[in-house]
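So you can see what is in the structure, the chains are spelled out below.
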Amino acid sequence: MANATQTPEGLFDIDGLLTDEEREIRSVIRKYVEKRIKPDVAEWFENGELPARELAIELGKLGVLGMHLEGYGCAGAGAVAYGLACLELEAGDSGIRSLVSVQGSLAMKAIHAFGSEEQKQQWLPKMATGEVLGCFGLTEPDFGSNPAGMRTRAKRDGKDWLLDGTKMWITNGNIADVAVVWARTDEGIRGFIVPTDTPGFSANLVHRKLSLRASITSELVLDNVRLPEDAVLPGVSSLRGPLTCLNEARFGILFGALGAARDSLESAIRYGMERIQFDHPIAAYQLTQKKYADMTVEFGKGLLLALHIGRLKEKGTLRAEQVSIGKFNSVKQALAITRECRSILGANGITLEYPVMRHMSNLESVYTYEGTHEMHTLVIGEALTGLPAYRI
Amino acid sequence: MNIAVCVKQIPDQSVPGKLDPGTHNLVRDGKLILDDSDSYGVEMALQLVDRAGGGEVTLISMAPNGEVSGIRTALAMGADRAVLVSDPSLAGSDALTTAKVLAAAIRRNPFDLVMAATESTDGYTGTVPVQVAEILDIPSVSFAKKVEIENGILKVQRQTESGYDEVECPLPALVTVTAGVVEPRYPSFKGIMAAKSKPVDVLDVAALGTGPLTTSQEIVSVRAAEERASGTVVVDEGDAFRQVVEFLEAIKVI
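For the structure given in this document, a descriptive report is provided here. Computed from a predicted model, the values in this text were never measured in an experiment.

**Let's talk about the packing of helix α2 (residues 20-47) of chain A against helix α10 (residues 356-368) of chain A**
Residue and element names in this part refer to chain A.
Part 1 of the reasoning: Orientation of α2 relative to α10, taken along the N-to-C sense of each, is 55°, at an axis distance of 11 Å. With respect to α10, the axis of α2 lies oblique. Helix-helix and strand crossings are classified by hand; for α2 and α10 the assignment is left-handed. Listed contacts from α10 to Val41, Ala42 and Phe45 of α2 are Arg358, Ser361 and Asn362.
Part 2 of the reasoning: For the contact of α2 with α10, a count of residues per class yields three nonpolar, two polar and one charged.

**With respect to the environment of Ile282 of chain A**
Residues and elements named next belong to chain A.
Part 1 of the reasoning: Positionally, Ile282 belongs in the loop between β9 (280-281) and α8 (286-315).
Part 2 of the reasoning: Under the relative-accessibility criterion, Ile282 is labelled buried at 13%.
Part 3 of the reasoning: Ignoring sequence-local partners within four residues, the contact set of Ile282 consists of Tyr271, Gly272, Arg275, Gln277, Thr288 and Ile344.

**Considerations on the packing of aromatic side chains**
All names here are of chain A.
Part 1 of the reasoning: Evaluated as defined, the whole model comprises six aromatic pairs over all chains.
Part 2 of the reasoning: Where Tyr271 meets Tyr354, the ring centres are 5.5 Å apart and the plane angle is 90°; that geometry is what we call edge-to-face. Placement of the pair is Tyr271 in helix α7 (residues 240-274) and Tyr354 in the loop between α9 (320-345) and α10, with a sequence separation of 83 residues.
Part 3 of the reasoning: A relative accessible area of 9% means that Tyr271 is categorised as buried.
Part 4 of the reasoning: Above the face of the Phe251 ring, Lys313 is positioned so that its terminal group lies 5.4 Å from the ring centre.

**Some points on the interface of chain B and chain A**
Part 1 of the reasoning: Across the contact, 13 residues belong to chain B and 20 residues belong to chain A.
Part 2 of the reasoning: Counting the surface lost from both chain B and chain A, the interface buries some 1400 Å², and carbon and sulfur atoms represent 64% of this.
Part 3 of the reasoning: It is Tyr186, Phe189 and Met193 of chain B in chain B that bury the most area against chain A; as a group they hold 49% of the surface buried on that side.
Part 4 of the reasoning: Where chain B touches chain A, the interface holds two salt bridges.
Part 5 of the reasoning: On inspection of chain B and its partner chain A, the count reaches five residue pairs in polar contact (both at pLDDT 80 or more).
Part 6 of the reasoning: Sorting the residues of the side of chain B that touches chain A by element identifies α2 (69-77) and α5 (189-195) of chain B as the ones contributing at least two each.
Part 7 of the reasoning: Among the elements that take part in the side of chain B that touches chain A, α5 of chain B stands out by supplying four residues, more than any other.
Part 8 of the reasoning: Classifying every residue of the side of chain B that touches chain A by side-chain character gives five nonpolar, three polar and five charged.

Each value, and the rule that gives it
Residues numbered from 1 in each chain as written. Chains lettered and ligands numbered in written order. Predicted model: local features only at pLDDT ≥ 70, side-chain atom pairs only at ≥ 80, totals over all residues. Heavy atoms only, no water. Axes fitted to C-alpha atoms, helices over the stretch in contact; angles between N-to-C directions. Helix = DSSP H or I, 4+ residues; strand = E, 2+ residues; numbered from the N terminus. Parallel < 35°, antiparallel > 145°, perpendicular 65-115°, else oblique. Left-handed = near helix turned anticlockwise from the far one by under 90°. Contact = heavy atoms within 4.5 Å. Nonpolar A, V, L, I, M, F, W, Y, C, P; charged D, E, K, R; others polar. Buried < 20%, exposed > 50% of the residue type's maximum accessible area, 1.4 Å probe, protein only. Phe/Tyr/Trp six-rings, centres within 6.5 Å; stacked < 30°, edge-to-face > 60°. Lys NZ or Arg CZ within 6 Å of the ring centre and 35° of its normal. Buried area = accessible area lost by both parts, 1.4 Å probe. Salt bridge = Lys/Arg side-chain N within 4 Å of Asp/Glu carboxyl O. Polar contact = N/O pair within 3.5 Å; in protein donor to acceptor, adjacent residues only side chain to side chain.

If you want it as structure tokens, here you go:
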């Protein structure tokens, strides 16, 4: 058989754009995913389960959880290193990357950015090791893209707070030890650290998902949950709080989705080299090669854009609409790539023997969560025109 | 407990390798990575130092250029420092020259134990470690699958074809570690970032004080390995099990 001379990443000389440290971090996660995730993830996906506790401890040992945060047991790595870790995790499965995104970029980031010193000391070190799992409650059944309409309310009751409401599509909700919950108060939108064993807090698993099956998705119910005064995050009292965290998570996704694309692409190239029809490997046919070329060029362009956005973040000049551009492009292209790869794998492509359709169905969620594709489109439109099309 | 671990930085095996047409040596001008077979020795050394309650793990390596990225991987796993002998004159060194250089580098710091892989993944001579032991004038135990130290005595389970031997010897000593016998830890991100600031002494041959080194071995020619003959296909017509059993008996598996 002929030997391929370049991988999709090699073709773009991506390695030349990375520091030794970034390459090293990437290679650690790649090895971990090869060894620990890929052999079992199809089964987890099929059964709709995830050994999240075990994985969290392992990921904590590696230093992935909150890796981009400074202090409190976090590694303090750069933005590109964090992005590359997300990419490699999502090459395993979007569910694994989601676990890490929610823990590090949403729950930990909220406490790190807006918490008091005591709150940080209490929660962050154990969340970094994976001993304590967090979740993040912003979205509600009736308020997705428009969180400003949220119905969850927190009222003062003497020195305490009382929380009431429902949050939906919450990753890790059923297994979390602590939830960061955003609620409307008389002082604006505020964040609360809610230990999940607080009376009145309950989580219900979302069943019958066709996407992100190797991920735990829940509804959170807050029924007169009484919290002490110091449960509130003191640093913010507006939507800037949750949106800051979401921006951080989106940043991980704009790298991550490309991992699902790369894994599918590699799988489709391997398959095409081995699958013989009409006496030739289907990779030798021009139609297949055109697919490979189109997909690889989109993948490489996406990764170059992601790296550019990562460097802007490291410089501290990254703007929210630039994160939108990245998420918009990466997920859209990744979804298109996984679909095209499925066509190369033919009937085999629809099974869990190959990662392609699993990635494809996962990306249907990724397309919608952390800011829908449509919202990111309108953010870009607003940046170009000054006209917010979502306020008509 | 101070342990010197010999580690080799080799070309990334995911990139197709090339031989220099003139010298027949492996071309090593690209990025080098830590030889996977060395990660087992590094892991064992870290565990031994940990169990001993203190000491240092020093990496010993040799490279024709100043490449350190493979060494950084082992530092990120937790090794304390590294000595890298880097000298253009070492390009194409044979096993004995390599052993002389490594032994001289090991001697620069006090050590209780030297560890190495049984062989490198790129060169595969498998002769360097015992030569190092001979030059250092210390006992060597090869093919270790388990290593313990009790009251200054080295206790090794030495892998054999049929099981293992239990071998003891006094320290200092050299042990070669069989690949796959421990689970090498992943470098943590904090480890990776800390590895940047760990000391790597880069020395040239003159600084070693070995005197002149001459490589007397020459690779005269290189041939492609013979293609494997295709195996025997047994078609099952009800008696395949008999043929399989006969085959296994013939090669003395059963």
